[in-house]
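Spelled out, the chains give:
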Amino acid sequence: MSSAVLGSVSMDVGLLRKYGVLSSRPRQCDGYMLRVRASEASTPRILQSRKERSHKSENTVRIGVLGASGYTGAEIIRLLADHPHFGITMMTADRKAGQPIGSVFPHLITLDLPDLVAIKDADFSDVDAVFCCLPHGTTQEIIKGLPARLKIVDLSADFRLRNVDEYEQWYGLPHKAPDLQQKAIYGLTEVSRDDIRNARLVANPGCYPTSIQLPLVPLIKGHLIELRNIIIDAKSGISGAGRGAKEANLYTEISEGIHSYGITKHRHVPEIEQGLSDASHSKVTVSFTPHLMPMSRGMQSTIYVEMAPGVTIDDLYQQLMSTYESEEFVRLLDKGAVPHTRHVCGSNYCFMNVFQDRIPGRAIIISVIDNLVKGASGQALQNLNLMMGFPENTGLQYQPLFP
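Residues numbered from 1 in each chain as written. Predicted model: local features only at pLDDT ≥ 70, side-chain atom pairs only at ≥ 80, totals over all residues. Heavy atoms only, no water.

(A) Region of interest: the overall build of the protein. A tally of regular secondary structure across the protein gives 13 helices and 16 strands. By the burial criterion, 50% of the 403 residues in the protein qualify as buried. (Helix = DSSP H or I, 4+ residues; strand = E, 2+ residues; numbered from the N terminus. Buried < 20%, exposed > 50% of the residue type's maximum accessible area, 1.4 Å probe, protein only.)

Shown next, in the form of structure tokens:
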């Protein structure tokens, strides 16, 4: 390129920068292609297009987020940022009341959202639907007191177990809204979407139960595996333990190792067994051990099962393929491919596959999700989309983050 051309290019770029109208259109210069990008901060036309992209429809559904200062609340807010039909009008966080969300979660500082309020001060007159991200045991009375017109997706465990006596047994507290419990729909989307569409209150599944039921329910319904000796070894990122300050979750307690917990008594056990028993129309009992891993997010369930007499590993694969081949968010990988948590990070996907065990007649199933998305907030949004009559993938078409 000649010096004259270079001088011309420098002058053009300088003028364009001065007046904020840099073009991204390629320019030909003596056989060289020059591409100059605009500064979005200084270009009115680009600012206008950004505003148009963030514009909500006139029929925006007004959303309240209860418990917005936790991990699942923050993930709901992140996912809703680009939702074309949902707009947040109210957020609660008792200990952070009066603060903007950016002071609690700096990664959300660019969003124009209302300040956090205490639940007792929350005004539901400007709300159509609620995501409830409060801790277990605190949700029942709050939801019971909400206006009957509201659609609700509860991310706690308070409405997941149909049997309120079983809830008291596992959670140590009597259920305070048993009548409302009878109306709640368990929201494993790919299994119960028809019921979810007509629900007023959806109990969003736990992260472990989501990763476990998605592969096992079709196999049980197809009578392809035995109901005995189901062994589940599941591992989660630390965010699965919540944001509360706990000694057991400190960096020095969790890093450089694997932390088994809730052995034989984890509270997701009755939820898992409830879903598998529904699929089999008989009581199913599982052996389930969870572990915390030194990573922020991600979940893998490795499941060991006995195949029914005459059933092969190809039969299991074909059953999962026929069940999920038209599903957007559940993907059966090619034969032999191993699912990894890093391949679903930040997304609403569940990847799974089945493998022949060395022990004759047994199979190994591996299922991975992001515990905060498909395991919590993403599935919650998937469910509310259905409840409000929108395509269930709306606002959820984020691709996984890698690396």
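(B) Spatial organisation of the pairing of strand β3 (residues 61-66). Most of β3 sits out of view: 5 of its 6 residues are buried. Inspection of the sheet shows β3 paired to strand β4 (residues 86-92) by 6 bridges, in the parallel sense. Bridge pairing links Leu-66 to Thr-92 in β4. Since β3 and β4 lie parallel, the crossover through helix α3 (residues 71-80) that links them has a hand, and here it is right-handed. Note: β3 against strand β6 (residues 129-132), 4 bridges, orientation parallel. (Pairing = 2+ DSSP bridges. Right-handed = clockwise from strand over helix to strand, strands pointing away.)

(C) A look at the confidence of the model for the protein. For the protein, the average pLDDT comes to 87, and 83% of its residues sit at 70 or higher. Low pLDDT, under 50, characterises residues 1-54; the predicted model gives this stretch 40 contacts beyond four residues in sequence or across chains. (pLDDT = per-residue confidence, 0-100. Contact = heavy atoms within 4.5 Å.)

(D) Local environment of the pattern of salt bridges. As enumerated under the stated definition, the model contains 19 salt bridges in all. A salt bridge links Arg-78 to Glu-75; the nearest nitrogen and oxygen atoms lie 2.7 Å apart. One end of the pair, Arg-78, and the other, Glu-75, are both in helix α3, 3 residues apart, so they sit about a helical turn from each other. Judged by its relative accessible area of 4%, Glu-75 is buried. The salt bridge partner of Arg-228 is Glu-226, with a shortest N-O separation of 3.5 Å. The class of Arg-228 is partly exposed, set by a relative accessible area of 48%. In this structure, a network of salt bridges that share partners links the residues Glu-75, Arg-78, Arg-297 and Asp-370. (Salt bridge = Lys/Arg side-chain N within 4 Å of Asp/Glu carboxyl O.)

(E) Spotlight on the environment of Asp-314. With respect to the element layout, Asp-314 can be found in helix α12 (residues 313-324). For the pair Asp-314 and Gln-356, spaced 42 residues apart in sequence, the C-alpha separation works out to 9.2 Å.

(F) Quick look at the packing of α3 against helix α13 (residues 373-387). Between α3 and α13, the shortest axis-to-axis distance is 9 Å and the interhelical angle comes to 50 degrees. Taken together, the axis directions place α3 and α13 in an arrangement best described as oblique. In the packing of α3 onto α13, the handedness of the crossing is right-handed. Packed against α3, whose contacting residues are Thr-72, Glu-75, Ile-76, Arg-78, Leu-79 and Leu-80, the element α13 presents Val-373, Ala-376, Ser-377, Gly-378, Ala-380 and Leu-381 at the interface. By residue class, the composition of the contact of α3 with α13 is 7 nonpolar, 3 polar and 2 charged. (Axes fitted to C-alpha atoms, helices over the stretch in contact; angles between N-to-C directions. Parallel < 35°, antiparallel > 145°, perpendicular 65-115°, else oblique. Left-handed = near helix turned anticlockwise from the far one by under 90°. Nonpolar A, V, L, I, M, F, W, Y, C, P; charged D, E, K, R; others polar.)

(G) Quick look at the sheet that holds β4. Read across the sheet, 7 strands follow the order β5-β4-β3-β6-β7-β9-β8 without closing on themselves; strand pairing throughout is parallel. At either margin of the open sheet sits one strand with a lone partner, and together these are β5 (116-117) and β8 (185-186). Pairing geometry for strand β7 (residues 151-154) and strand β9 (residues 201-203), over 3 bridges, is parallel. Residue pairing in the sheet places Val-153 in a bridge with Val-202 of β9.

(H) Expanded view of the packing of aromatic side chains. As enumerated under the stated definition, the model contains 5 aromatic pairs in all. Their ring planes at 75 degrees and their centres at 5.7 Å tell us that Phe-86 and Phe-390 sit as a pair that is edge-to-face. Of this pair, Phe-86 sits in strand β4 while Phe-390 sits in the segment after α13, placing them 304 residues apart in sequence. This pair shows no difference in class: Phe-86 is buried, exactly as Phe-390 is. Considering the side-chain rings of Tyr-208 and Phe-288, the 5.3 Å spacing of their centres and the 70 degrees angle between planes classify their relative orientation as edge-to-face. (Phe/Tyr/Trp six-rings, centres within 6.5 Å; stacked < 30°, edge-to-face > 60°.)

(I) Representation of helix α6 (residues 164-171) within the structure. With a side-chain oxygen positioned 2.8 Å from the backbone nitrogen of Asp-165, the residue opening α6 is Asn-163. Looking one or two residues past α6, Gly-172 carries a phi angle of roughly 75 degrees, positive in sign. (Polar contact = N/O pair within 3.5 Å; in protein donor to acceptor, adjacent residues only side chain to side chain.)

(J) Looking closely at the pairing of β6. The two faces of β6 match: Ala-129 and Phe-131 on one face and Val-130 and Cys-132 on the other face are all buried. As judged from the 4 bridges shared by β6 and β7, these two strands associate in the parallel manner. Pairing of Phe-131 across the sheet is with Val-153, part of β7. Between the parallel pair β6 and β7, the chain is carried across by helix α5 (residues 139-144), and the sense of this crossover is right-handed.

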